[in-house]
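Survey of secondary and tertiary structure
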Amino acid sequence: MSEVRKIATRESYGNALAELGAEHDDIVVLDADLAEATKTGIFKKAFPERFIDCGIAESNMIGVAAGLAAAGKVPFASSFAMFAAGRAYEQVRNSVGYPHLNVKIGATHAGISVGEDGATHQCNEDIALMRVIPGMTVICPSDDIEARAAVRAAYEHKGPVYMRFGRLAVPVINDRKDYKFKLGKGVVLREGKDLTIIATGLPVSNCLEAAGKLAADGIEAKVVNIHTIKPLDEELVTAAAKETGQVVTVEEHSVIGGLGSAVCDVLSEKEPTRVMKIGINDVFGESGPAAELLKKYGLDTESIYEKIKGFVR
Amino acid sequence: MDKLELMKTANEIRKGIVTAVHSAKAGHPGGSLSAAEIFTYLYFEEMNIDPRNPKKENRDRFILSKGHTAPGLYATLAQRGYFPKEDLVTLRHTGSYLQGHPDMKMIPGVDMSSGSLGQGISAAVGMAVAGKISNADYRVYTLVGDGEIQEGQVWEASMLAAHRKLDNLVVIVDNNNLQIDGPITEVNSPYPIDKKFEAFNFHVINIDGNDFEQLDAAFKEARAVKGQPTAIIAKTLKGKGVSFMENQVAWHGKAPDDEQYRIAMEDLRKAGEALCQR
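Structural notes, computed from the coordinates. It should be emphasised that the depicted structure is a prediction, and the values quoted were computed from it without experimental measurement.

Looking now at the overall build of chain B. When helices and strands are counted, chain B shows 10 helices and seven strands. In terms of C-alpha radius of gyration, chain B reaches 17 Å, essentially the compact-globule figure of 19 Å for 278 residues. If one aligns the C-alpha atoms of chain B with their principal axes, the spans along those axes are about 50 × 45 × 40 Å. Looking at chain B as a whole, 54% of its 278 residues are labelled buried.

Dropping the structure here:
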């Protein structure tokens, strides 16, 4: 087997910004002293006059982004998910969400795969926080190709967008000619009749591997990649649930309020289905290498496979 | 406008404030009345704006960071012709576009939604940055409360404003000395306010914010400043113009009843008459 190309989606974010910046004069990128980590440094290098380092002051950064948007710019405000969605939550809600301003939030270092920095920096709650804001679009791409497409789609969309990126390099799984990113549309990555695995972000590639292992056991899993958590592709989710009768959701996020909850919200109303939510089980993370943490918290291929084996009827 | 005309206009705006808050049976008259001269000066003298074209691209911007004093802004916008004065009585009523706090999506002339304290000034900084990036010559004004500056975000925004040399930005502090829980000196004193802005590298001007001559001099001085944002620390009288509201903490966020409304309007009618006899 040939070596799988791996790249962190934060890297994709930085590269996409620099690319878009060359095409559009109205893009302004903001950061809060993390340009090296969020990879906005790539944009900064290309367009220093359109890069605003706000220093370690995320609440103000979101407000400044709101003002830039009100004056006609398209700001991309960047920080770790913990601070963009967490610390600056109320600024995102009141200064961006309520006036429905055209602000894009690039949140990197989401989830437990932040690794060694530990629980204070591992944001497993951001999808929940952003999803409840009226009019907010929430995107969580699964690889480099999807992440770059997402940044472009976020620019083209008029209105606030929250984009979730990771620190850890993840396998490129979407490099096929017919790949198309459409905001709010899920992607079927594998067909199967026995159950549907609905995943977002980092663990999508693990779900594909788990589906391969399940197939070896005679269980055919349909795998759906949901890159846009809000607005959710309700049509695809309900159709898949109806077709396969049982659903497993997988996300590098709390099982409360994230993709799993969004899927259950829809299914309980439109297509009542047995659902198992795989994610962070209402606990804080801890320090450790990303791969070890993903295993410990049940988000590696083997754990996902085992859990599904125990669930599927 | 000459000084007398500005004073008459401010008195009319005060009538609008009292009428709106009375009709709403809720709202914030004290800090609206304290800033009536500031609102008047900005909208009738200082700012490059067009009420017939509220979104004019190169207009000057105003952000009411102390958003709870929306009645002051609304009465001013109505007086300036952005929308009918008759609409002021719909303030805070269900279905009205005159929301309890400024809403840029619904209200003509409102440049930024605000109300959660500390946030408006950041948006003002963002607009000023946008002006610099685009080489636009518009100016940005924001009014913050002296209680509001207890919010840390005000200082995050101020640090960035000075760092980026935003000489197209003027921060006005409505220093009426009172907040909900009492005098600001008793709650959590922000004094010395001027020294704090100086330390953040602002050009600082101290004035009596209810005096049009001093407002005029301050805003002209601010225009001449290069390479620094300006902070105008405007000492004002909370509740100014309504006898029983002046310097009374209780009138921060309370509406007058019918009898109090009658007295308030009588105060303002007399003040208006006196101005007309000058």
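The subject of this paragraph is the pairing of strand E14 (residues 274-280) of chain A. Residues and elements named next belong to chain A. Pairing analysis gives six bridges linking strand E13 (residues 246-254) to E14, with the strands arranged parallel. In the sheet register, valine 247 faces E14, and the bridge partner there is valine 275. Handedness of the crossover joining E13 and E14 through helix H11 (residues 259-270): right-handed.

All names here are of chain A. Its place among the elements puts glutamate 251 in strand E13. A C-alpha to C-alpha distance of 7.6 Å links glutamate 251 and leucine 202, two positions 49 residues apart in sequence. Non-local contacts of glutamate 251, meaning those with residues more than four positions away in its chain, are made with Ala199, Thr200, Gly201, Pro203, Gly258, Leu259, Gly260 and Gly279.

At the junction of the two partners, chain A supplies 25 residues and chain B supplies 21 residues. Broken down by element, the residue count for the side of chain A that touches chain B peaks at nine residues, all from helix H4 (residues 58-70) of chain A. Tallied by class, the residues present in the side of chain A that touches chain B amount to 12 nonpolar, nine polar and four charged.

So, on to helix H10 (residues 258-276) of chain B. Residues and elements named next belong to chain B. The terminal C-alpha atoms of H10 lie 27 Å apart, and with 19 residues this matches the ideal 27 Å at 1.5 Å per residue to within 8%. Turning to H10, its buried residues number three or more, namely Ala264, Asp267 and Leu268. With its buried residues spanning 85° around the axis, H10 presents them on a single face. Opposite the buried face of H10, at more than 90 degrees from it, the exposed residues are Asp258, Glu259, Arg262, Glu266, Arg269, Lys270, Glu273 and Cys276.

This part takes up the sheet that holds strand E6 (residues 203-208) of chain B. All names here are of chain B. Overall, parallel pairing links the five strands, which are arranged E1-E2-E3-E7-E6 in an open sheet. Looking along the sheet, the strands with just one partner apiece sit at the ends: strand E1 (61-64) and E6. In this sheet, adjacent strand axes meet at a mean angle of 20° when their direction is disregarded. Where E6 and strand E7 (residues 230-235) come together, six bridges link them in parallel fashion. When the bridges of E7 are listed, asparagine 206 appears paired with isoleucine 233. On top of the sheet, helix H9 (residues 212-224) reaches strand E3 (169-175), E6 and E7; it is set at about 170° to E6, its chief contact.

Residues and elements named next belong to chain A. Strand order in the open sheet made by the seven strands is E3-E2-E4-E5-E7-E6-E12, with mixed pairing throughout. Of all the strands in the sheet, just strand E3 (51-53) and strand E12 (228-230) have a single pairing partner and so form its edges. Adjacent strand axes in the sheet meet at a mean angle of 20° when their direction is disregarded. Direction of pairing for strand E2 (residues 27-31) relative to strand E4 (residues 74-80): parallel, over a ladder of five bridges. Looking across to E4, one finds that aspartate 31 is bridged to serine 78. Of the strands in this sheet, E2, E3 and E4 are in contact with H4, which crosses E4 at around 170°.

Our focus in this paragraph is the pairing of strand E11 (residues 221-225) of chain A. Residues and elements named next belong to chain A. Counting buried residues in E11 gives five out of five residues, a clear majority hidden from the surface. Alternating residues of E11 divide into Ala221, Val223 and Asn225 and Lys222 and Val224, and every residue in both groups is buried. Sheet analysis places strand E9 (residues 187-190) next to E11, joined by three bridges and oriented antiparallel. Its bridge partner being in E11, valine 187 is matched across the sheet by asparagine 225. Taken together, strand E10 (residues 195-199), helix H9 (residues 204-216) and E11 constitute a β-α-β crossover, and its handedness is right-handed.

Cut-off values and rules
Note that residues are indexed from 1 along each chain, following the sequence as it is written. Following the order in which they are written, the chains are lettered starting with A and the ligands numbered starting with 1. Since the coordinates come from a predicted model, pLDDT governs what is reported: local features require at least 70, and pairs of side-chain atoms require 80 or more to be given and counted, while whole-chain, interface and lining totals use all residues. Runs of H or I in DSSP of at least four residues are treated as helices and runs of E of at least two as strands, each being numbered from the N terminus. Radius of gyration: C-alpha atoms only; globule rule: 2.2 Å multiplied by the number of residues to the exponent 0.38. Field definition: a residue is buried when 20 or more other C-beta atoms are found within 10 Å of its C-beta, exposed when 12 or fewer are, and partly exposed for counts in between, with C-beta atoms placed from the backbone. Should DSSP find at least two bridges between two strands, the strands are taken to pair. Classification remark: right-handed applies to a crossover when, strands pointing away from the viewer, the course from the first strand over the helix to the second runs clockwise. In this description, a residue-residue contact is defined by the distance between C-beta atoms placed from the backbone, which must lie within 7 Å. The residue classification treats Ala, Val, Leu, Ile, Met, Phe, Trp, Tyr, Cys and Pro as nonpolar and Asp, Glu, Lys and Arg as charged. All others, Gly included, are polar. How far a helix is expected to stretch is found by multiplying one less than its residue total by 1.5 Å. What the arc covers is the set of directions going from the helix axis to the C-beta atoms. Axes here mean lines fitted to C-alpha atoms, for a helix over just the part in contact, with angles spanning 0 to 180 degrees between N-to-C directions.

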